[in-house]
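Observations on chain architecture
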Amino acid sequence: MPHPQHLVNILTGIKGAMEMKDATPLAKIIKKAERPLLVIGPRALEVEIEGRPFIEYLVDIAKAANIPICATAHTKKKLLELGMTPESTYDVVEIVNALKDAEWKGVKGEGCHDFVLFGGIRTDLGNQALSTLKHFAPHLKTMTLCKYYYPNANFSLPNYKKEEEWKALLEGLVAGLK
Amino acid sequence: MKGKRKKEEKEKIIRAEDEWEPIGHTPMPHVTDLRNWDRRLLETYKPFYAPFCDLCCLCTYGKCDLTGTNRGACGIDISAQQGRIVTLACCMGMSAHAGHAAHIIDYLIEKHGEDYPIDLGDQVNVECPNIRTVLGLKPKTLRDLKTAVQYAAEQLVHVVSSTHTGQEGDAVDYESKALHISMLDHVCMEAADVAQIIGFKFPTSVADTPLVDMGWGSIDRKKPVILVVGHNPASSSEIIDYLRNKGLEDKVEVAGICCTALETTRYSNKAKVVGPLSRQLFFVRAGIADVIVADEQCIRTDLTDEASKVGSVVIASSDKACRGLEEVSDKPTDEVVKAMVDKGEHCLILDHEKAAEVAVEAALKIAPKRKKEEPIDEKKAIELAKACAACGSCTQVCPNLLPVGPAIQKLAEGDAEPFKQVFENCIGCGKCEEACPHGVPIFKLMQAVASWDTWKCRVGRGPVMDTEIRKVGAPIVLGTIPGVIALVGCSNFPNEIDEIAEMVDEFARRKYIVVLTGCSAMTVGMRKDKEGKTIYEKYPGDFDAGGVVNIGSCVSNAHITGAAMKIANIFANLPLRANYEVIADYVLNRVGAVGVAWGAMSQKAASIATGCNRLGIPVVLGPHSAKYRRLYLSRKEEGDWTVMDGRKKELVDTEEPSPEHLAIVTESKERAMVMIAKLCIRKNDTQPGRQIKLNHYIDLYKKFFGTLPDDLHHFVRTERDIPMFFKKEVKQFLQEKGWKPKPVLSLPTLIGTYETEVPVEATIR
Ligand code: SF4
Ligand code: SF4
Ligand code: SF4
């Protein structure tokens, strides 16, 4: 859609996520982060990519770049089964509430995070949570790993129609982060 | 507005000379009279905003982009704008109940006169705890209920005016206004429901209300069918009266959707409940109803179009929802009925007696003319499903992402269960059937499945009885009944039938007190256990440990806040009269009650929940409720948990984040259950009480998350709080966390921790 002369006349806001279709620049951005965090939500337990649960891809990403995990809802149990102990468990709005605070000590007690990745949060709730961070957390950047476009993030994957494309990106990301 | 004359005016209205209780500090509070209480609450539970829209388009300076640090042309920032929108939503919600209350009270005054007395039976003396606490008035008649609503309406004008451009500009002040108007929502709901109970002689002072049939399998389609939709029982009760007077009660089916269904079953146990709001479109499209009588709130705006498609006629009966129809209130009944029968004309009738007469007469004439198809039986359904070629087209178009195709294929194999699941989450849009290239009548099959099952719903019973409060007050405050869980409001999103029913089952089994209202109250009846029993058949209807109580419709939500107030009054002997701060402080610190609005979508849900929050009752919301834009969250580690020890009059840092949040969204039912158990914890819990609460919290956490709660150390005050069953592992956990004992208070209060006229002594009786 072309933009109108006055930008405020579009959709619900004029600041939207950069759509990322390529794993290489994404991996670069993540690597640059000093204190990244990966927030994993319960959709990651239900969604499968070609037979493999999404949560396993997310765990691979966390391992590849040594990113601490915040498990929301009831994802903690599955993570433990996968041999991954999350650094923290919160509801998604609770972790976002903490992230809003630039002075927060972070999940590892080392200071607030500067880059937060999200995967497995349902789209409506996820976009609301990202809205909070977009408006109130200028000290950090956000990125989503689900197969939908989240306008309120800083970086988002596109709306994937084909599973393979999504899978390829996630695998590319894991490889790029190693 | 302050001043001598205003004070005298209030004293006159609340009959200050009646000495039933001393008058507290805030009779008929004005918008800012409880502002300090709100600010104190929001100091701990700060507003958390998730803007749904970054722009504002409320005046012609805009649109303005409020992203981040941008401000509007009027100077407002994104936080205040969220507070403003939330305030507007609460005003809309409250006004729906105020409008309902004003209407029903006037209607009943027409019938019975202004002096018609309030009598809620021998078990309810504290008839209107909200009105008593907020206004300071002990209402005796319908006229007094009208007075309460008029006062609330005046406050509404002030609050709505604050949302005009260039008025309020601070987020917390907007929240205070939202809290004020939402507190008054409970006053209006109470006035409406108490008027209905006395005016229509709804059940009161009994726990064991009858079970009625639910689901459209329970409707006899061979009879003329009248469907009532909405929230206001004026027309539906007139319909029942008309049928009774004409001896037609067994000849015409009256079925309801949404709260009117609950109200109608309180009036006649022959009435049927079709189901919650989410079933509206589906049922209308099924064409089972001959006449649809719509009143107010949550009625589909395309109702007349949809009804026309299937040959049903609609009577709109509320000034709030005229729907572009011609008003025929003064035309002769015969003429109106004729137009309906011959031409399928819909109409607006604002005289309820007339609407009832027209509805029944029209239904009697229309029904024989309409060929209602017999529902397909299971054998036929399987046959029809066999036409499916597994192309997947239906699944692709379903807006609810339901697995329609696979369910049809299972049905073809003789397993109807998956298809029933699809039906439960289906909104009735009909897109799947349209998309099917092989002509499988998916929508018809869905209707068939729908008609195979019937369920039971317990009739709503109105206020919790004083005798019950006397019995459970102590165990609730001491903590040995671990909590009161109120599942309220709509249930409009996929999976909610199962999820709400599961939560109710879990907490009832654990001997919490579970109360239900509105669509949630119907929804829980729509699931059966292995023995074929619904929740209502499984658990007793008493307000006691392990009871599952249907309080009633949306307006009955006031009886839930009312019950919390009555605990303070009847058990703790605190006066209610114009004593809001003291009562809210009591509830916050000592009554382990939690509201759950799992499928909320309406503005009414916003004001109902926010009204609970001002009274100190935390609310857990379902995931899509993040779109309400605002929550009240604490930071358990960073927050200040200092309270006043009411006995010693000393400030004490309790280090205990209880209750942890006032309004929170949870992502899954599992998380919700864990959160609910945690939010029941109160500073006032005795040690045995705390043990019981922690036992459930730990048990649920382990069940769903696999470990001990990682914040458990915050809720253990001394070793005696540790549940026996988990003693060893908890002790080890505490040691790892470097836990130290915390103070235990018997009289925790916020009074004295902020600027207020209320003395600390007022919290003790
Ligand atoms: S009310 Fe304020 S923010 Fe909204 S459009 Fe007008 S000037 Fe802009
Ligand atoms: S009618 Fe069909 S497409 Fe529409 S919600 Fe129901 S199952 Fe989905
Ligand atoms: S569209 Fe029709 S044929 Fe295709 S899967 Fe659905 S029911 Fe079967």
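These figures come from a predicted structure and were not determined experimentally.

1. Let's talk about the overall build of chain B
Helices and strands together make up the secondary structure of chain B, namely 28 helices and 21 strands. Here the C-alpha atoms of chain B give a radius of gyration of 26 Å, agreeing with the 27 Å that 2.2 N^0.38 yields for 765 residues. Its C-alpha atoms give chain B principal-axis dimensions of roughly 80 × 65 × 60 Å. By the burial criterion, 65% of the 765 residues in chain B qualify as buried. Considering only intrachain contacts with a sequence separation of at least 6, the fraction spanning at least 24 residues in chain B is 76%. Carbon and sulfur atoms make up 50% of the accessible area of chain B, which amounts to about 26900 Å² in all.

2. Remarks on the interface of chain A and chain B
Contact residues are listed per partner, giving 41 residues for chain A and 46 residues for chain B. Together chain A and chain B conceal approximately 3400 Å² of surface at their shared face, both sides included; 52% is due to carbon and sulfur atoms. Run the count over chain A and chain B and you get 5 salt bridges. Residue aspartate 91 of chain A is joined to arginine 671 of chain B by a salt bridge in which the shortest nitrogen-to-oxygen separation is 3.0 Å. Linking chain A with chain B are 19 residue pairs in polar contact (both at pLDDT 80 or more). If you list the elements that add at least two residues to the side of chain A that touches chain B, you get helix 4 (75-81), strand 6 (88-89), helix 5 (92-99) and helix 6 (123-136) of chain A. The greatest single-element share of the side of chain A that touches chain B, amounting to 8 residues, is contributed by helix 6 of chain A. Per-class residue counts for the side of chain A that touches chain B are 16 nonpolar, 14 polar and 11 charged.

3. Focus: the sheet that holds strand 18 (residues 642-645) of chain B
Residues and elements named next belong to chain B. One open sheet holds the 3 strands; their spatial order is 19-18-21, and the pairing between them is antiparallel. Looking at strand neighbours, the two that pair on one side only are strand 19 (650-653) and strand 21 (748-749), the edges of this open sheet. Bridge count for strand 18 against strand 19 is 4 bridges, and the pairing is antiparallel. When the sheet's bridge partners are listed, valine 643 is paired in strand 19 with valine 652.

4. Things to note about helix 3 (residues 78-112) of chain B
Residues and elements named next belong to chain B. Given a rise of 1.5 Å per residue, 35 residues ought to cover 51 Å, and the 50 Å separating the end C-alpha atoms of helix 3 matches this to within 8%. Along helix 3, 25 of the 35 residues are buried, which leaves the element largely enclosed by surrounding structure. Taken from the residues just after helix 3, glycine 113 is the one with a positive phi, measuring 90 degrees.

5. Focus on a negative patch on the surface
There is a patch of like negative charges on the surface, built from Glu327, Asp330, Asp351 and Glu353 of chain B. Take glutamate 327 of chain B: it is sitting in the loop between strand 9 (313-316) and helix 11 (333-343).

6. Notes on the domain arrangement of chain B
All names here are of chain B. Domain annotation for chain B reports domain 1 (4-200), domain 2 (211-369) and domain 3 (378-449). Computed over C-alpha atoms, the centres of domain 1 and domain 2 are 32 Å apart. Between domain 1 and domain 2, the residue contacts involve 12 residues of the former and 13 residues of the latter. Interface of domain 1 and domain 2: buried area, both sides summed, is about 980 Å²; carbon and sulfur atoms make up 47% of it. Per-residue buried area on domain 1 facing domain 2 is highest for His100, His103 and Phe200; these three make up 46% of the total on that side.

7. Examining the site of ligand 2
Surveying the vicinity of ligand 2 reveals the residues Cys398, Pro399, Leu402, Val404, Val422, Cys426, Ile427, Cys429, Gly430, Lys431, Cys432 and Met446 of chain B. By residue class, the composition of the shell around ligand 2 is 10 nonpolar, 1 polar and 1 charged.

8. Considering the environment of arginine 527 of chain B
Residue and element names in this part refer to chain B. Positionally, arginine 527 belongs in the loop between helix 21 (518-523) and helix 22 (535-538). Residue classification places arginine 527 among the partly exposed positions, given a relative accessible area of 27%. On a C-alpha basis, the gap between arginine 527 and aspartate 115 in space is 44 Å, while along the polypeptide they are 412 residues apart. Among all residues touching arginine 527, those that are not within four sequence positions of it are Trp455, Asp498, Ala501, Glu502, Lys533, Thr534 and Ile535.

9. Quick word on the packing of helix 3 of chain B against helix 5 (residues 142-161) of chain B
Residues and elements named next belong to chain B. The contact between helix 3 and helix 5 brings their axes to 10 Å, and the two run at 155 degrees. Relative to helix 5, the element helix 3 is oriented roughly antiparallel. Crossing of helix 3 over helix 5 shows left-handed handedness. Mapping the contact onto sequence places Thr87, Cys91, Met94, Ser95, Ala98, Ala101, Ala102, Ile105, Asp106, Leu108 and Ile109 in helix 3 and Leu142, Leu145, Lys146, Val149, Ala152, Leu156, Val159 and Val160 in helix 5.

10. Focus on the nonpolar core
Ranked by size, the top nonpolar core spans 320 residues in total, and within it Phe54 and Leu145 of chain A together with Leu145, Ile239, Ile315, Ile442 and Phe543 of chain B carry the most contacts. Those residues in contact with leucine 145 of chain A that sit more than four places away from it in its chain are Leu38, Phe54, Leu58, Ile61, Leu117, Phe118, Leu157, Trp166, Leu170 and Leu173 of chain A. If you look at the next biggest cluster of nonpolar residues, it comprises 7 residues, including Cys64, Leu66, Ile76 and Ala80 of chain B.

11. Things to note about the confidence of the model for chain B
The predicted structure's coordinates, where accompanied by low pLDDT, should not be read in detail. Residues of chain B with pLDDT of at least 70 account for 99%, and the chain-wide mean is 93. Note on the complex model: pTM 0.94, ipTM 0.93.

12. Notes on the site of ligand 1
For ligand 1, the full set of nearby residues is Cys56, Leu58, Cys59, Tyr61, Gly62, Cys64, Gly72, Ala73, Cys74, Ile76, Arg84 and Thr165 of chain B. Taken together, the residues of the shell around ligand 1 break down into 8 nonpolar, 3 polar and 1 charged.

13. Observations concerning the environment of proline 403 of chain B
All names here are of chain B. In this structure, proline 403 sits in the loop between helix 14 (393-397) and helix 15 (404-412). Classification of proline 403 by relative accessible area gives partly exposed; the value is 44%. Proline 403 sits 365 residues away from aspartate 38 along the chain, and the two C-alpha atoms are 47 Å apart. Setting aside anything within four residues of it in sequence, one finds proline 403 in contact with Thr395 and Val422.

14. Observations regarding the packing of aromatic side chains
All chains considered together, the criterion is met by 19 aromatic pairs over all chains. One aromatic cluster in this structure is built from Trp216, Phe282, Phe283, Phe423 and Phe443 of chain B. Between the NZ or CZ atom of arginine 52 of chain A and the centre of the ring of tyrosine 57 of chain A, over which it lies, the distance is 4.6 Å. If you follow arginine 244 of chain B out to its NZ or CZ, it ends over the ring of tyrosine 267 of chain B, 5.2 Å from the centre.

15. Examining the pattern of salt bridges
Opposite charge on two side chains allows them to pair when their charged atoms are near. Residues and elements named next belong to chain B. In total, this model carries 74 salt bridges over all chains according to the counting rule given. For the salt bridge of glutamate 326 with lysine 331, the shortest nitrogen-to-oxygen distance reads 2.9 Å. Put simply, glutamate 506 and arginine 510 hold a salt bridge, and the shortest N to O gap is 2.8 Å. Note on glutamate 506: relative accessible area 5%, which makes it buried.

Procedures and definitions
- Residues numbered from 1 in each chain as written.
- Chains lettered and ligands numbered in written order.
- Predicted model: local features only at pLDDT ≥ 70, side-chain atom pairs only at ≥ 80, totals over all residues.
- Heavy atoms only, no water.
- Helix = DSSP H or I, 4+ residues; strand = E, 2+ residues; numbered from the N terminus.
- Rg over C-alpha atoms; globule rule 2.2 N^0.38 Å.
- Buried < 20%, exposed > 50% of the residue type's maximum accessible area, 1.4 Å probe, protein only.
- Contact = heavy atoms within 4.5 Å.
- Areas by Shrake-Rupley, 256 points an atom, 1.4 Å probe, with all protein chains shown as cover.
- Buried area = accessible area lost by both parts, 1.4 Å probe.
- Salt bridge = Lys/Arg side-chain N within 4 Å of Asp/Glu carboxyl O.
- Polar contact = N/O pair within 3.5 Å; in protein donor to acceptor, adjacent residues only side chain to side chain.
- Nonpolar A, V, L, I, M, F, W, Y, C, P; charged D, E, K, R; others polar.
- Pairing = 2+ DSSP bridges.
- Expected span 1.5 Å × (residues − 1).
- Patch = residues over 30% accessible without salt bridge, like charges linked within 9 Å, V, L, I, M, F, W, Y side chains within 5 Å.
- Lys, Arg positive; Asp, Glu negative; His and termini not counted.
- Charge placed at Lys NZ, Arg CZ, Asp CG, Glu CD.
- Domains from an automatic or database assignment.
- Near = heavy atom within 4 Å.
- Axes fitted to C-alpha atoms, helices over the stretch in contact; angles between N-to-C directions.
- Parallel < 35°, antiparallel > 145°, perpendicular 65-115°, else oblique.
- Left-handed = near helix turned anticlockwise from the far one by under 90°.
- Core = buried A, V, L, I, M, F, W, Y, C linked by side-chain atoms within 4.5 Å.
- pLDDT = per-residue confidence, 0-100.
- Phe/Tyr/Trp six-rings, centres within 6.5 Å; stacked < 30°, edge-to-face > 60°.
- Lys NZ or Arg CZ within 6 Å of the ring centre and 35° of its normal.

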